[in-house]
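# Remarks on the overall topology
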Amino acid sequence: MFSLVHRALKEYFENCEAKDRAEMIELLSEHLIHMVHTRDGALVAMYCVWFGTAKDRKKIVKILKTFVLKIALEEHGHMMLIAILDSVDDTKLVAKGVLEELFGSLKEAFESEYGRKVLTYLVAPRDTRFFLKDYVRRLEIGDGSDTRKKDVEIRRKELFEYSKKFLKDHLSKQMDKLLYDGPCGILIGDILDKLEADGNDLIKKIASLVVAKPYDSTMPAAAEKTKKTEEGGEKTAKKDGEG
């Protein structure tokens, strides 16, 4: 039942006039949290974020309170959070309403395939090394919105500036667990690149860990983790390529 309603709403957003779209966004903005568990519902939420006014976006971010982590870990719901990071000009609102809560549970976010996507966006937004082209093309729909004013690079820089302390602190505490974890290990490299000189302490920590405990891909645990990483990558590729 819900999936049929969500599909109908998605098709409405894809075909309606701007005036009708604005009215629908105003109607739905406080109820999106109940829709993001389906693929079409998440896309409807993304349309509301992309084409809503600053007032609409503020309402949308506010309704996420206490639900940010749950949504970040969902197969479809996490796309709404990425749309917020990709579109909302008020980065202080995003930091307070989304990132602060997400960073309170970084361990869970790093361990989740979908939580890592949200974290990855902060470090490498729309980077096709991490996001399939179909995923990026979906985000590009929002580029047609005339309700966004801030320069894209400024918005991305502000979000990372807020995020880097939390990411650095978490990596410092969990590096021994994350370094040889396939997907996390790749993300760590990009976080270090982004941190530049601020990441020197982490580089020293990595060096000491490598010397103390060299990576051995023949170890049963490492081999099993590699197998799961490869299987997870294939699964994600198939999902991202749909629709």
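The rules behind each value
Residues numbered from 1 in each chain as written. Predicted model: local features only at pLDDT ≥ 70, side-chain atom pairs only at ≥ 80, totals over all residues. Heavy atoms only, no water. Core = buried A, V, L, I, M, F, W, Y, C linked by side-chain atoms within 4.5 Å. Buried < 20%, exposed > 50% of the residue type's maximum accessible area, 1.4 Å probe, protein only. Contact = heavy atoms within 4.5 Å. Helix = DSSP H or I, 4+ residues; strand = E, 2+ residues; numbered from the N terminus. Polar contact = N/O pair within 3.5 Å; in protein donor to acceptor, adjacent residues only side chain to side chain. Phe/Tyr/Trp six-rings, centres within 6.5 Å; stacked < 30°, edge-to-face > 60°. Lys NZ or Arg CZ within 6 Å of the ring centre and 35° of its normal. Axes fitted to C-alpha atoms, helices over the stretch in contact; angles between N-to-C directions. Parallel < 35°, antiparallel > 145°, perpendicular 65-115°, else oblique. Left-handed = near helix turned anticlockwise from the far one by under 90°. Nonpolar A, V, L, I, M, F, W, Y, C, P; charged D, E, K, R; others polar. pLDDT = per-residue confidence, 0-100. Salt bridge = Lys/Arg side-chain N within 4 Å of Asp/Glu carboxyl O.

### Description of the nonpolar core
Counting 68 residues, the largest nonpolar core has Leu 32, Leu 81, Ile 84, Val 98, Leu 99, Leu 102 and Phe 110 as the members making the most contacts within it. When sequence neighbours within four positions are dropped, the list of residues in contact with Leu 99 reads Leu 85, Val 94, Leu 122, Leu 159, Tyr 162 and Ser 163.

### Some thoughts on the environment of Leu 73
In this structure, Leu 73 sits in the loop between α5 (68-72) and α6 (77-87). According to the relative accessible area criterion, Leu 73 is partly exposed, its value standing at 32%. Spatially, the C-alpha atom of Leu 73 lies 6.9 Å from that of Ala 109, the residues being 36 residues apart in sequence. Aside from chain neighbours lying at most four places away, what touches Leu 73 is Glu 108, Ala 109, Ser 112, Tyr 114 and Gly 115.

### Here we look at the side chain of Ser 112
As for its position among the elements, Ser 112 is in the loop between α8 (106-111) and α9 (113-123). Among the polar contacts made by the side chain of Ser 112, one reaches the main-chain amide nitrogen of Gly 115 at a distance of 3.0 Å.

### Overview of the packing of aromatic side chains
According to the stated counting rule, one finds eight aromatic pairs in the structure shown. Between Phe 13 and Tyr 47, the aromatic rings sit 5.7 Å apart at their centres with planes inclined by 20 degrees, giving stacked as the arrangement. With Phe 13 in helix α1 (residues 2-15) and Tyr 47 in helix α3 (residues 39-51), the pair connects residues that are 34 residues apart, well separated along the chain. Overall, the relative accessible area of 9% leaves Tyr 47 in the buried class. For the ring pair Phe 103 and Tyr 162, a centre distance of 6.2 Å and an interplane angle of 20 degrees mean the geometry is stacked. Linking Phe 103 in helix α7 (residues 91-103) with Tyr 162 in helix α11 (residues 152-178), this pair joins segments that are 59 residues apart in sequence. One aromatic cluster is present, built from ring pairs that chain together Tyr 12, Phe 13, Tyr 47, Trp 50 and Phe 51. Over the ring of Phe 166 we find Lys 165; its NZ or CZ atom is 5.9 Å from the centre of that ring. Cation over ring: Lys 194 sits above Phe 160, and NZ or CZ is 5.6 Å from the ring centre.

### Concerning the packing of α6 against helix α10 (residues 133-140)
Two elements in contact, α6 and α10, have axes whose closest approach is 11 Å; the angle formed by their N-to-C orientations is 55 degrees. With respect to their mutual orientation, α6 and α10 come out oblique. With respect to the hand of their crossing, α6 and α10 are arranged in right-handed fashion. Taken together, the residues of α10 that come into contact with α6 (itself represented by His 78, Met 79, Ile 82 and Asp 86) are Tyr 135, Arg 138 and Leu 139. Looking at the contact of α6 with α10, its residues break down into four nonpolar, one polar and two charged.

### Side note on the confidence of the model for the protein
Looking at the protein, pLDDT values average 89 and 87% of them are 70 or higher. Overall, residues 219-223 carries pLDDT values under 50, and its contacts beyond four positions in sequence, including any with other chains, amount to four contacts.

### A short note on the packing of helix α12 (residues 182-195) against helix α13 (residues 200-212)
Direction vectors running N to C along α12 and α13 enclose 145 degrees, while the axes themselves pass 9 Å from each other. The segment α12 lies against α13, with Ile 188, Leu 192 and Leu 195 engaging Leu 202, Ile 203 and Ile 206. When grouped by side-chain class, the residues that make up the contact of α12 with α13 number six nonpolar, no polar and no charged.

### As for the pattern of salt bridges
Inspection of the entire model under this criterion finds 18 salt bridges. Lys 70 serves as the salt-bridge partner of Glu 74, at 2.9 Å between the closest nitrogen and oxygen. Classification of Lys 70 by relative accessible area gives exposed; the value is 53%. Within the structure, one salt-bridge network assembled from shared partners comprises Asp 86, Arg 126, Asp 143 and Arg 148.

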